[in-house]
Amino acid sequence: MPLITMESGSLSAAQKETLIERFTAVAAEVTGIPSEFFLVTLKELPDANIGIGGQSIDKIKAEYKK
């Protein structure tokens, strides 16, 4: 069973549903594997617990919004 995972900050229920639907559809299209065989997991972590390029996501988001 193919597995797709994504780690992110908090998402709304609608965002989660859309991601699950679209990840599955694209993966099935690209691989030719039926969508019924894909398992999608979304792991939500606080933005302060995720870092990119030496900075936490919450800091990056705060600077981006300026």
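A short tour of the structure in this document, coming up. It should be emphasised that the depicted structure is a prediction, and the values quoted were computed from it without experimental measurement. (Residues numbered from 1 in each chain as written. Predicted model: local features only at pLDDT ≥ 70, side-chain atom pairs only at ≥ 80, totals over all residues. Heavy atoms only, no water.)

Time to look at the nonpolar core. In terms of nonpolar packing, the biggest core is built from five residues, these being Ile-4, Ala-27, Ala-28, Phe-38 and Val-40. Those residues in contact with Ala-27, other than ones at most four positions away along the chain, are Ile-4, Gly-32 and Phe-38. (Core = buried A, V, L, I, M, F, W, Y, C linked by side-chain atoms within 4.5 Å. Buried < 20%, exposed > 50% of the residue type's maximum accessible area, 1.4 Å probe, protein only. Contact = heavy atoms within 4.5 Å.)

On to helix α1 (residues 13–31), then. Here α1 spans 27 Å end to end across 19 residues, near enough to the 27 Å set by a 1.5 Å rise per residue. For α1, the set of buried residues is Thr-24, Ala-27 and Ala-28. Each buried residue of α1 sits inside an arc of 100° when the element is viewed along its axis, so together they form one side. In α1, those exposed residues whose orientation departs by more than 90 degrees from the buried face are Ala-14, Arg-22, Glu-29 and Val-30. The secondary structure elements touched by the buried residues of α1 are β1 (3–8) and β2 (39–44). Just downstream of α1 lies Gly-32, where phi reads positive at about 80°. (Helix = DSSP H or I, 4+ residues; strand = E, 2+ residues; numbered from the N terminus. Expected span 1.5 Å × (residues − 1). Arc of directions from axis to C-beta.)

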